[in-house]
Amino acid sequence: PSAIVFIFDPGGRGVRGIKPFVLAAKTYKYILVCSNNSKNGPIDVNLEITNRLFDSLSAEYNLDPSQFYISGFSGGARLAGSIAVSSVVFQGVIACGASFNGMDKFALKNSNFSYVGMVGDQDMNYQEMIKNNEWLDKMRMKNTLFIGHQGHAWPEQKQMLRAFDWLEIQAFKKNIRKTNEDVIKKIYDENLKIADSLKGNNEMISAIMEYERCIAIDDTKDNKEVKEMITSIKKSKEYKTQIQKKDEIAVLENEIGSSILEQFVKELKVAKSESDFKFWKTELKKLDSRKVKSNDIQIKNMVDRIQFMTKAMVYEAAQGSKINKQNDKLSYCMELEKVLELYGIKL
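Here goes a summary of the coordinates provided. Bear in mind that the values here come from a model prediction, so they are computed numbers and not experimental data.

**Quick word on the overall build of the chain**
For the chain, the helix and strand inventory stands at 13 helices and six strands. Over its C-alpha atoms the chain spans a radius of gyration of 22 Å, differing by no more than 12% from the 20 Å that the globule rule assigns to 347 residues. Here the C-alpha coordinates of the chain stretch approximately 65 × 55 × 30 Å along the principal axes. When the 347 residues of the chain are sorted by exposure, 48% land in the buried category.

Shown next as structure tokens:
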């Protein structure tokens, strides 16, 4: 019987969805399957597609029911989370670039799957994934979060392998797979190396995450040195400064993002911009200026996230208006797209 990963790409691009998982699948022996039909859209349609997919694969392959995993990117991640929450068959979820749909969180208390979040620090859903990680910790759900240096995209194969390293540890702990001490040591040592490297680069918040992941990987060890390192970093001026900066940016990002969303909803409703897109020209100029003038990578990443959020918001509204034949709203979105392009935000 074989382990399997069901994968969902928001554009129904099966080949694209498979690629990030190939290295992990070869390492840990998983069947990979990604739907060519399921894509961002009505949940009922996608559930019909996924049910047919599950039925056909169960009939065709000898699958191990204790080793079902599910993953997705962006809208595909939300779909994967919904399916996992409404079912008891999945051992793990790998959510890339997005967390749960709002209602799914209420059903999580009855779930027993391990959850891996993956997001880029330039991804528009970065703050969402940070909050989701904190929320899952409070819920005492087995979870971890990997943060890469990228935008809103599928993770690279090496990063995805780290997600499956963590899931392999969970499989050992749940007795789904036979414990392999050599594998545990290899994963632990590689993770510790990454943590030390981040500390050396003065990325203290990320270093803490990796040191804490080391403890979770092998909690049978004393881990005295790692625990002392965590305590030492948390007392350091560098760490306290970085935490303060991170919190300040989260607040600022929420304020700017909320203001942009509120203005867009207001204008889309009447399909008309106020004073020839004055709000947009002012705000986009401010964002561009922040990015150009700042030497802080966290500020630059924040601007990238807000710009991408704005682009995605307008694009999705335009597509919806086209489908619903709301020509006035479509025309408004197209005019706003031209304004975005003036500030380097191309759709």
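**Some words on the nonpolar core**
Grouped together as the largest cluster of nonpolar side chains are 43 residues, with contacts concentrated most on Y30, I94, V116, M118, M160 and F164. Residue contributions to this core peak at nine residues, all from helix α6 (residues 157-173).

**Quick notes on the sheet that holds strand β6 (residues 143-148)**
The strands that make up a sheet pair up through hydrogen bonds in the backbone, lying either parallel or antiparallel. Pairing in this open sheet of six strands is parallel, and the strands run β2-β1-β3-β4-β5-β6 from one edge to the other. The outermost strands of the open sheet, each flanked by one partner alone, are β2 (30-34) and β6. The mean inter-strand angle of the sheet, taken between neighbouring strand axes irrespective of direction, is 15°. The pairing of strand β4 (residues 90-96) with strand β5 (residues 114-120) spans five bridges and is parallel. Looking at the pairing, I94 lines up with V116 of β5. The sheet contacts of helix α5 (residues 126-138) involve β4, β5 and β6, and relative to β6 the element is tilted by about 160°.

**Some words on helix α3 (residues 43-60)**
The end-to-end C-alpha distance of α3, which contains 18 residues, comes to 26 Å, matching closely the 26 Å that a straight helix rising 1.5 Å per residue would cover. Restricting attention to buried positions, one finds in α3 the residues N46, I49, T50, L53, F54 and L57. Down the axis of α3, the sector holding all buried residues measures 135°, keeping them to one side. Structural note: α3 exposes R52, D55 and A59 on the side pointing more than 90 degrees away from its buried face.

**Describing a negative patch on the surface**
There is a patch of like negative charges on the surface, built from E134, D137, D247 and E248. Where the negative patch is concerned, the elements lending two or more residues are α5 and α10 (237-270). Structurally, the position occupied by E248 is in helix α10.

**Looking at helix α9 (residues 224-235)**
Residue pairs three or four apart in sequence face the same way in an α-helix, which turns once every 3.6 residues. Look at α9: 17 Å from first C-alpha to last across twelve residues, which is about the 16 Å you get at 1.5 Å a residue. The set of residues buried in α9 consists of V226, I230 and I233. Seen end-on, α9 carries its buried residues on one side only, within an arc spanning 70°. Looking at α9, the residues exposed on the side facing more than 90 degrees away from the buried face are K224, E225 and K235. The inward-facing, buried residues of α9 contact α7 (181-200), α8 (204-217) and α10.

**Here's the deal with the packing of aromatic side chains**
Taken as a whole, this structure holds 15 aromatic pairs when the rule is applied. For the pair F6 and F90, a centre-to-centre distance of 6.1 Å together with 85° between the ring planes defines the contact as edge-to-face. Taken together, the residues span a long stretch of sequence, with F6 in strand β1 (residues 2-8) and F90 in strand β4 at a distance of 84 residues. In this pair, the class of F6 matches that of F90, namely buried. Taking 5.5 Å as the distance between ring centres and 85° as the angle between the ring planes, the aromatic pair formed by Y30 and Y69 counts as edge-to-face. In this pair, Y30 is assigned in strand β2 and Y69 in strand β3 (residues 63-73), connecting sequence segments 39 residues apart. Since its relative accessible area comes to 8%, Y30 is described here as buried. Given the relative accessible area of 1%, Y69 is considered buried. By way of ring pairs, the aromatic residues F21, Y30, Y69, F73, W154 and F164 are connected into one cluster. Here the basic side chain of R177 rests over the ring of Y30, its NZ or CZ set 4.8 Å away from the ring centre. Against the face of Y188 rests K221, its NZ or CZ located 4.0 Å from the ring centre.

**What to know about the pattern of salt bridges**
Where charged atoms of side chains with opposite charge meet at close range, the side chains can pair. Enumeration over the complete set of coordinates arrives at 16 salt bridges. K185 is the salt-bridge partner of D189, the closest N and O atoms lying 2.7 Å from each other. In this pair, D189 and K185 are both assigned in helix α7, four residues apart and thus about one turn of the helix distant. We classify K185 as exposed; its relative accessible area is 53%. With a closest N to O distance of 3.3 Å, K338 and E335 form a salt bridge. Within this pair, K338 and its partner E335 are both found in helix α13 (residues 327-342), separated by three residues, close to a single helical turn. The structure contains a network of salt bridges with shared partners spanning R162, E210 and R213.

What counts, and where the lines are drawn
- Residues numbered from 1 in each chain as written.
- Predicted model: local features only at pLDDT ≥ 70, side-chain atom pairs only at ≥ 80, totals over all residues.
- Heavy atoms only, no water.
- Helix = DSSP H or I, 4+ residues; strand = E, 2+ residues; numbered from the N terminus.
- Rg over C-alpha atoms; globule rule 2.2 N^0.38 Å.
- Buried < 20%, exposed > 50% of the residue type's maximum accessible area, 1.4 Å probe, protein only.
- Core = buried A, V, L, I, M, F, W, Y, C linked by side-chain atoms within 4.5 Å.
- Pairing = 2+ DSSP bridges.
- Axes fitted to C-alpha atoms, helices over the stretch in contact; angles between N-to-C directions.
- Contact = heavy atoms within 4.5 Å.
- Expected span 1.5 Å × (residues − 1).
- Arc of directions from axis to C-beta.
- Patch = residues over 30% accessible without salt bridge, like charges linked within 9 Å, V, L, I, M, F, W, Y side chains within 5 Å.
- Areas by Shrake-Rupley, 256 points an atom, 1.4 Å probe, with all protein chains shown as cover.
- Salt bridge = Lys/Arg side-chain N within 4 Å of Asp/Glu carboxyl O.
- Lys, Arg positive; Asp, Glu negative; His and termini not counted.
- Charge placed at Lys NZ, Arg CZ, Asp CG, Glu CD.
- Phe/Tyr/Trp six-rings, centres within 6.5 Å; stacked < 30°, edge-to-face > 60°.
- Lys NZ or Arg CZ within 6 Å of the ring centre and 35° of its normal.

These figures capture arrangement, not role.
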